[in-house]
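Spelled out, the chains give:
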Amino acid sequence: MRHIISVLLENEAGALSRVAGLFSARGYNIESLTVAPTDDPTQSRMTLVTVGNDDVVEQIKKQLNKLIDTIKLLDLSEGPHIERELMMVKVRAERADREELKRLVDIFRAKIIDVTDTSFVVELTGDSEKLDAFIDAVPKGLIIEVVRTGPSGISRGPQGLML
Amino acid sequence: MELSGAEIVVQALIDEGVEYVFGYPGGAVLHIYDALFQQDRVKHILVRHEQGASHAADGYARATGRCGVCLVTSGPGATNAVTGIATAYMDSIPMVILSGQVPTPVIGSDAFQEVDTVGITRPCVKHNFLVQDVRDLAETLRKAFFIATSGRPGPVLVDIPKDTTDPNVKIPYRYPREIAMRSYRPVSKGHPGQIRQAVEAMLAARRPVLYTGGGVILGEASPLLRQLVRATGFPITSTLMGLGAYPMTDRQFIGMLGMHGTYEANMAMHETDCLVAIGARFDDRVTGKIEHFCPHATIIHVDVDPSSISKNVRVDIPIVGPVASVLEDMLRLLAEARCDPERAAIVEWWARIEQWREINCLSYDRANDKIKPQLAVETLYRITDGALYLTSDVGQHQMFAAQFYPFDQPRRWINSGGLGTMGFGLPAAMGVQLAFPEAQVACISGEASILMCIQELATCKQYELPIKILLLNNGYMGMVRQWQELFYESRYSHSYVDALPDFVQLTESFGHVGMRVEKPDELEGALREAFALKDRCVFLDVVVDPTENVYPMIVAGKGHHEMHLSPERELA
Ligand SMILES: Cc1cc2nc3c(=O)[nH]c(=O)nc-3n(C[C@H](O)[C@H](O)[C@H](O)COP(=O)(O)OP(=O)(O)OC[C@H]3O[C@@H](n4cnc5c(N)ncnc54)[C@H](O)[C@@H]3O)c2cc1C
Ligand SMILES: Cc1ncc(C[n+]2csc(CCOP(=O)(O)OP(=O)(O)O)c2C)c(N)n1
Ligand SMILES: [Mg+2]
């Protein structure tokens, strides 16, 4: 099963490599990983997506918790939560395709953030499935490049992941 | 007090109460060595190879329960120490490793003797630090000792760039006594509800087994374990790492379990209906094939590290907490429930265990003109009254020692279990002997293992360490040869130890006493003579039967009930 896990880490040099090293050393799957400092610059928050059976995911969470730099951990998939991912897509936009692409951008509530005679850069935020759907919807052959951040997540309701 | 970084390092060691630092100098740590030179509180032991430093610090920690400390230079100094760090990590030994690093401005430039020590050691330490500012040094060192010795212990490395130890940069020094880390708070007590549930299962058990491990020793819980065994009347078995936590000569001890454990211990594991695992981590050498592991049991597991629980074997009643505190809670509940150690079910269970015991699975052929390794260990036990601190290398001799030298106290049996590091025994014995100058310390080894850290004989000479080395010389990497005999149709590929040195001459050239023993009837006399030389390091090269194998044995992929006793004695 797919799990999306939030980890609050000490914002120390090397904290990220400890997490990455843990996954490779123990052979765990890692689908995506995003990390940046929070409002408190001494802390980083990481969102990590992994896939595994219950036993494996349980062990992943224990191993993450065991890292000395880990302050707190929450498996967002255990409750209601929101996921958002940012994607930028560069597409070939020759005259004949421009209208079709603009329509798609509207339907997906995306934005065009760079324009040339022959290309657009489209920015789109949403859950990962929505981003997948956009990529599928772009006519074949028009995509030049895609960059995605991987999902970040937060739980619903008043409770927060903090000290 | 204003101190330089180098002085801070030394003063912090003093403030931690560190007795010995095992180390080897080099460019990146010269400032620290200079600060060491100018004081006499912390004693520095000069090893002959950094692997020796890490093993010696480890041996010191295993024997005393205190934190071992070693100091190495950057680059090759640090990489040489890695084997010892990984060894300590696998067996959860508290250790602080100080490594020199190139100065901060040149880090990353492939400077002379630069390696990414933090990167190299990351997977084999509990935690590591790179000090980037002399002002962080004292607090980082305090954290390192705190992390190494609390919770599940383990090695912590502090990488110290040379410029942070600059003798010309002095800053105010204050060593933090207490340290609070928001990201690291080891549990101090087990969950009362879980403990209650565990005790209920124990009271209802008909065929219970206590399966104990290194965690009992690490958690200083031997006295409580003894009480638990008495209070419950349960049989107790131990892993290789837990030997001595409970007296091995006691009737309720049914021997080591696992691959080379006793028949009675492994059969009891197979039939138990209530397994109480205490400070043990369900290693594959212990469980055998997981599908066959304790098929009838409710499994209780006490461990301070949540990630040990249900890692290899799914556990029914997990208890996360330090052994000592959990055992105290258990004992109180057992007393309240008036637990009867002689209730009918337990008496019946013992009758069954005694039947397995009668098989006498450790018997061997005594009438032989060659010295059997088992006989050598038994004789060692007899003439030392079982009172040794015994370190071991890795191989058949290690297993024979575990089987034939019953330890009655914790911290007396010192060996590398998790990593199985050949070369561990001799340097580890140095750490033990320094910790306990008056104690009898011996190292049991094989002719292949001993050569891996033989240079430490010079350290033994420099510090006059009267260690006794018992070499079970079978001319082979016996453990490898045994597997090749059993699983590769006796194709002994590169397991014959050719071109051996003359160990007597070798030892004597280091300034020690060397002796060679070839016949069974010379053995006891030679051992007595060696141990009578109280202030000398003695190397006994004992020529043993090269064909002997370690039995009983559970081969890979088999269950506890599928043991082999020996080729001559197969079970029905
Ligand atoms: C050649 C060879 C053969 C071997 N054959 C065998 C064999 O036949 N049988 C055998 O048993 N082993 C054998 N071993 C050793 C084996 O590889 C493992 O090292 C050993 O089984 C692990 O022991 P343990 O489970 O006690 O764990 P340890 O490595 O000692 O781990 C201790 C556990 O206790 C926990 N702990 C630590 N402190 C505390 C505390 N204060 N409170 C609570 N929990 C704590 C830790 O988290 C950990 O889970 C062999 C090794 C070699 C090299
Ligand atoms: C550093 C290291 N290299 C290789 C091994 C694999 N190994 C395990 S036991 C063994 C043979 C040990 O031979 P010896 O020291 O003579 O002991 P014996 O088994 O003969 O008693 C080897 C090579 C190891 N455990 N450690
Ligand atoms: Mg040998």
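Residues numbered from 1 in each chain as written. Chains lettered and ligands numbered in written order. Predicted model: local features only at pLDDT ≥ 70, side-chain atom pairs only at ≥ 80, totals over all residues. Heavy atoms only, no water.

Residues and elements named next belong to chain B. As a matter of local geometry, ligand 1 sits amid 36 residues, with G214, T239, R281, D303 and S308 nearest to it. Within the side chain of D303, an N or O atom sits 2.6 Å from an oxygen atom of ligand 1. Listing elements by their share of the shell around ligand 1, those giving two or more residues are α8 (214–218), α11 (284–287) and α15 (396–404). A per-element tally of the shell around ligand 1 places α8 first, with 3 residues. A class-by-class count of the residues in the shell around ligand 1 yields 15 nonpolar, 15 polar and 6 charged. (Near = heavy atom within 4 Å. Polar contact = N/O pair within 3.5 Å; in protein donor to acceptor, adjacent residues only side chain to side chain. Helix = DSSP H or I, 4+ residues; strand = E, 2+ residues; numbered from the N terminus. Nonpolar A, V, L, I, M, F, W, Y, C, P; charged D, E, K, R; others polar.)

Each side of the interface is counted separately: chain A has 18 residues, and chain B has 18 residues. Contact with chain B buries area across many residues of chain A, yet R18, K62 and I68 of chain A alone supply 43% of it, more than any other trio. On the surface where chain A and chain B come into contact, there are 4 salt bridges. Residues K66 of chain A and D305 of chain B are paired through a salt bridge, measuring 2.8 Å at the closest nitrogen-oxygen approach. Where chain A meets chain B, there are 11 residue pairs in polar contact (both at pLDDT 80 or more). Where the side of chain A that touches chain B is concerned, the elements lending two or more residues are α1 (15–25), α2 (54–66) and β4 (70–75) of chain A. In terms of residues, the side of chain A that touches chain B owes the most to one element, α2 of chain A, which gives 5 residues. Taken together, the residues of the side of chain A that touches chain B sort by class into 4 nonpolar, 6 polar and 8 charged. (Contact = heavy atoms within 4.5 Å. Buried area = accessible area lost by both parts, 1.4 Å probe. Salt bridge = Lys/Arg side-chain N within 4 Å of Asp/Glu carboxyl O.)

Here the focus is the sheet that holds strand β14 (residues 317–320) of chain B. All names here are of chain B. Strand order across the open sheet formed by 6 strands is β11-β10-β9-β12-β13-β14, with parallel pairing between neighbours. Of all strands in the sheet, those with a lone pairing partner are β11 (253–256) and β14, marking the two edges. When the angles between neighbouring strand axes are averaged without regard to direction, this sheet yields 15°. With 3 bridges joining them, strand β9 (residues 208–212) and strand β10 (residues 236–238) adopt parallel strand pairing. Bridging from a neighbouring strand, Y211 pairs with T237 of β10. Contacts from helix α9 (residues 222–232) reach β9, β10 and β12 (274–278), with the element oriented near 175° to β9. Against the sheet, helix α10 (residues 263–271) engages β9, β10, β11 and β12, with an angle of about 100° to β11. (Pairing = 2+ DSSP bridges. Axes fitted to C-alpha atoms, helices over the stretch in contact; angles between N-to-C directions.)

Once that is clear, we can look at unusual backbone geometry. All names here are of chain B. With an omega of 0°, the peptide bond running from Y551 to P552 counts as cis. Inspection of the secondary structure puts P552 in the segment after β20 (538–543). Positive phi outside glycine occurs at E220, with the angle close to 50°. By the element assignment, E220 lies in the loop between α8 and α9. Notably, F282 is not glycine yet its phi reads approximately 55°, a positive angle. Mapped onto the secondary structure, F282 falls in the loop between β12 and α11. The exposure class assigned to F282 is buried, which follows from its relative accessible area of 2%. (Buried < 20%, exposed > 50% of the residue type's maximum accessible area, 1.4 Å probe, protein only.)

Residue and element names in this part refer to chain A. The domain boundaries assigned to chain A delineate domain 1 (2–79) and domain 2 (82–152). Once you take the C-alpha centre of each, domain 1 and domain 2 turn out to be 29 Å apart. The interface of domain 1 with domain 2 comprises 6 residues on the first partner and 6 residues on the second. Approximately 450 Å² of surface area, both sides summed, lies buried where domain 1 meets domain 2, with 53% of it carried by carbon and sulfur atoms. When the area that domain 1 buries against domain 2 is broken down by residue, the three leading residues are R2, I4 and T34, summing to 63%. (Domains from an automatic or database assignment.)

The next point concerns the coordination of the magnesium ion (ligand 3). Residues and elements named next belong to chain B. Ligation of the magnesium ion (ligand 3) by protein atoms is provided by E447 (OE), E447 (OE), N474 (OD1) and Y476 (O), these donors lying 2.1 to 2.7 Å from the ion. In the primary structure, the donors to the magnesium ion (ligand 3) are separated according to the pattern E-x26-N-x1-Y. Note that E447 is positioned in helix α17 (residues 447–450) and Y476 in the loop between β18 (468–473) and α19 (478–487), a separation of 29 residues in sequence. Judged by relative accessible area, which is 0%, E447 ranks as buried. (Donors = N, O, S within 2.8 Å, 3.2 Å for Na, K, Ca; no water.)

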